[in-house]
Amino acid sequence: MTESPETGGVNGMGCHAGAQAMTDAARAAGNSEVLDRYAADYPQGPHDKPQSMCPAFGSLRVGLRMRRVATVLSGSACCVYGLTFVSHFYGARRSVGYVPFNSETLVTGKLFEDIRDAVHEMADPDRYDAIVVTNLCVPTASGVPLKLLPDEINGVRIVGIDVPGFGVPTHAEAKDVLAGSMLNYARKEVMAGPVQAPAAGRADRPTVTLLGEMFPADPMMIGALLAPLGLAAGPMVPCREWRELYAALDSKVVAAIHPFYTAAIREFQAAGRKIVGSAPVGHDGTMAWLAAIGAAYGVDSERIAAAQASFGPAIKAALAANPIKGRITLSGYEGSELLVARLLIESGADLPYVGTACPRTPWNAADEDWLKARGVAVKFRASLEDDCAAMAAFAPDLAIGTTPVVQKAKAAGIPSLYFTNLISARPLMGPAGAGSLAQVVNAAMANKGRMEGMKAFFEGVGTGDTAGIWEGAPNLRPDFRAAHQKKLDKQARAAQAEAMI
């Protein structure tokens, strides 16, 4: 492969080399430890990996949402451009730093020196608490040693991470790469001495740290659920500022709302914190979650029962008042798919399949068991082919999924909703979440007639001989096609006869 100044390369390999070639190069360059850890933290499925956007978008998004944190990318220019574009499309309001390179600076080690010079130049304690430096595929494969960067410069923390597309399966899990690295840094600071208190002060009750990005109303709802137990909702990880990491580590119990934050959970466990899986979704989920959180904090059984009695009837009433009737297939890559599936089923939906690009972990085992007990096929590390096959097999009234699943569903005349923007961007927890999905889901299923009409109207457009852009009708010549087909058939017969000799 010919190298370009943008892609750089190792032994002639650029950023378009295959995943195995990049992996081999990274191990040869001394990055085996990083790849082995990622392989253990984020196990892949029977296929190579789920189809997802560049995983580095996940860690980039976490860093860009934090106050007083700068983000620097080291990777091919095309990758940095795409990641920067997507980050601003999703509402980032700050610049993304970039350290460019070419083949010479990559292989001679000058790229690392350029990164080191860049962070020294940026390390202004009046502006930043931390600088996050992220190696993309080519620098990771080339062994650019971010671990040799200083831990801090002028009081500004330096956090270096590798987020290669060939090592981290999904962008959701890349959030954990950065969250785990930050927690590791913060935990060492806590062990070394006093640290800053939260900006809003410490809570007057024991807190529960919430692990996973949620709709803004959900942490408030969880706080209301915890109040009868004498507890409060703590910080949400990924955090919005550095000092929240200390408060998150201060909680005695961590609720793994999103179950794939393996590195973050490892840091909490190293700090002696208890982890509780699943989430307060629907009636069954909320009752079980309150019992698990109460038990983790040693709350007496009478108080747990009282908390359950406070919210159980309200949740049942909300579910009954907002029924969902119809068959639904569900898939996505955010990590909350099993929680949404539970809520849809308790709302009355017939849901035979749920697929998630994230892996099975101990923290979603209760959700998997609950779903399987109700006849749901649960697919971890689901591929696009898995999700589309389920949609074709179950013929749903509504398909909820990723963009390509939604595209295929609409082409087939099946109503569909994009999981990330239309489902996960809604409250899911407690009484507030119990009726939140019914309106959008029922409205989409009611569009079945409209979808069939659109399918009939556009039938055949853009396929076969009508593919492409035409000013008029295409000039079809079936006689030419038939003549060429005869030649191809003759060649095939000749090849077959030659093979038999």
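Residues numbered from 1 in each chain as written. Predicted model: local features only at pLDDT ≥ 70, side-chain atom pairs only at ≥ 80, totals over all residues. Heavy atoms only, no water.

## Examining the nonpolar core
Counting residues in each nonpolar core, the largest one holds 60 residues, and the members touching the most others are Ile 293, Ile 328, Leu 344 and Val 441. It is helix α14 (residues 337-346) that contributes the most residues to this core, 7 residues altogether. Core analysis: the second largest hydrophobic core is formed by 50 residues, Ala 174, Ala 179, Val 237 and Tyr 246 among them. (Core = buried A, V, L, I, M, F, W, Y, C linked by side-chain atoms within 4.5 Å. Buried < 20%, exposed > 50% of the residue type's maximum accessible area, 1.4 Å probe, protein only. Helix = DSSP H or I, 4+ residues; strand = E, 2+ residues; numbered from the N terminus.)

## Points about the packing of helix α16 (residues 384-394) against helix α17 (residues 403-411)
Axis separation between α16 and α17 bottoms out at 10 Å; the angle between their running directions is 30°. Put simply, α16 runs roughly parallel to α17. Helix-helix and strand crossings are classified by hand; for α16 and α17 the assignment is right-handed. Where α16 abuts α17, its residues Leu 384, Asp 387, Cys 388 and Met 391 lie against Pro 404, Val 405, Lys 408 and Ala 409. Broken down by class, the residue content of the contact of α16 with α17 amounts to 6 nonpolar, no polar and 2 charged. (Axes fitted to C-alpha atoms, helices over the stretch in contact; angles between N-to-C directions. Parallel < 35°, antiparallel > 145°, perpendicular 65-115°, else oblique. Left-handed = near helix turned anticlockwise from the far one by under 90°. Contact = heavy atoms within 4.5 Å. Nonpolar A, V, L, I, M, F, W, Y, C, P; charged D, E, K, R; others polar.)

## Brief notes about the packing of helix α8 (residues 171-192) against helix α11 (residues 262-270)
One can describe the packing of α8 onto α11 by two numbers: an axis separation of 7 Å at closest approach and a directional angle of 20°. As judged from the angle between their axes, α8 and α11 are roughly parallel. Helix-helix and strand crossings are classified by hand; for α8 and α11 the assignment is left-handed. Here Asp 176, Gly 180, Leu 183, Asn 184 and Arg 187 of α8 come into contact with α11, specifically with Thr 262, Ala 263, Ala 264, Glu 267, Phe 268 and Ala 270. Of the residues assigned to the contact of α8 with α11, the class counts are 5 nonpolar, 3 polar and 3 charged.

## Quick word on the packing of aromatic side chains
By the definition in use, this model includes 4 aromatic pairs. Taken together, a centroid distance of 6.0 Å and an interplanar angle of 45° make the contact between Tyr 38 and Tyr 42 tilted. The exposure classification of Tyr 38 matches that of Tyr 42, with both residues buried. Seen from their ring centres, Tyr 185 and Trp 242 are 5.6 Å apart, and the 90° between their planes marks the pair as edge-to-face. Of this pair, Tyr 185 sits in helix α8 while Trp 242 sits in the loop between β7 (232-237) and α10 (243-250), placing them 57 residues apart in sequence. (Phe/Tyr/Trp six-rings, centres within 6.5 Å; stacked < 30°, edge-to-face > 60°.)

## Here's the deal with the pairing of strand β6 (residues 207-211)
With 5 of 5 residues buried, β6 is to be regarded as a mostly interior element. Of the two faces of β6, the one lined by Thr 207, Thr 209 and Leu 211 and the one lined by Val 208 and Leu 210 are each fully buried. Here 4 bridges tie β6 to β7, and the two strands are oriented parallel to one another. Bridge pairing in β7 places Thr 207 opposite Ala 232. Viewed along the sheet, the connection from β6 through helix α9 (residues 217-226) into β7 turns out right-handed. Two elements, β6 and strand β8 (residues 253-255), share 3 bridges in a ladder whose sense is parallel. Paired with Val 208 across the strands is Val 253, a residue of β8. (Pairing = 2+ DSSP bridges. Right-handed = clockwise from strand over helix to strand, strands pointing away.)

## Let's talk about the sheet that holds strand β9 (residues 274-276)
An order of β7-β6-β8-β9 is seen for the 4 strands of this open sheet, with the pairing classed as parallel. Either end of the sheet is taken by a strand with one partner, and the two such strands are β7 and β9. Going across the sheet, the axis of each strand differs from the next one's by a mean of 30°, ignoring polarity. Relative to β9, β8 is paired through 3 bridges, and the arrangement is parallel. Residue pairing for β9: Val 254 is matched across the bridge by Ile 275. Sheet contacts for α10: β6 and β7; angle to β7, the most-contacted strand, approximately 130°.

## Some points on α17
Taken together, the buried positions of α17 are Val 405, Val 406 and Ala 409. Down the axis of α17, the sector holding all buried residues measures 95°, keeping them to one side. Exposed residues pointing more than 90 degrees away from the buried face of α17 are listed as Gln 407 and Ala 411. Elements in contact with the buried residues of α17: β10 (327-332), α16, β13 (398-401) and β14 (416-418). Looking one or two residues past α17, Gly 413 carries a phi angle of roughly 80°, positive in sign. (Arc of directions from axis to C-beta.)

## Brief notes about the pattern of salt bridges
According to the stated counting rule, one finds 17 salt bridges in the structure shown. With its nearest N and O atoms 2.9 Å apart, the salt bridge here joins Arg 266 to Asp 41. With a gap of 225 residues between them, Arg 266 in helix α11 and Asp 41 in helix α2 (residues 32-41) connect regions that are remote in the sequence. Arg 266 sits in the partly exposed class, given a relative accessible area of 33%. Given the relative accessible area of 8%, Asp 41 is considered buried. As a salt-bridge pair, Glu 213 and Lys 175 come within 2.6 Å of each other at their nearest N and O atoms. With a gap of 38 residues between them, Glu 213 in the loop between β6 and α9 and Lys 175 in helix α8 connect regions that are remote in the sequence. Exposure class is identical for Glu 213 and Lys 175. Each is buried. Shared partners join several salt bridges into a network, and the residues in it are Arg 65, Lys 175 and Glu 213. (Salt bridge = Lys/Arg side-chain N within 4 Å of Asp/Glu carboxyl O.)

## Brief notes about the side chain of Glu 346
When you line up the elements, Glu 346 lands in helix α14. Buried Glu 346, no salt bridge; nearest opposite-charge side chain is Arg 342, N-O distance 5.0 Å. Ignoring anything within four residues of it in the chain, the contact list for Glu 346 reads Val 281, Gly 282, His 283, Asp 284, Gly 285, Leu 319 and Trp 370. (Lys, Arg positive; Asp, Glu negative; His and termini not counted.)

## Comments concerning the pairing of strand β5 (residues 156-162)
Of all the 7 residues making up β5, 6 are buried; the element is thus mostly covered by neighbouring parts of the structure. In this sheet, β5 lies alongside strand β3 (residues 130-135) in parallel orientation, the contact comprising 6 bridges. What sits directly across from Ala 130, in β5, is Arg 157. Examined bridge by bridge, strand β4 (residues 152-153) and β5 share 2 bridges and lie antiparallel to one another. Looking at the pairing, Ile 153 lines up with Val 156 of β5. Linking β4 back to β5 in an antiparallel pair, the connection comprises 2 residues, with Asn 154 at a positive phi of about 55°.

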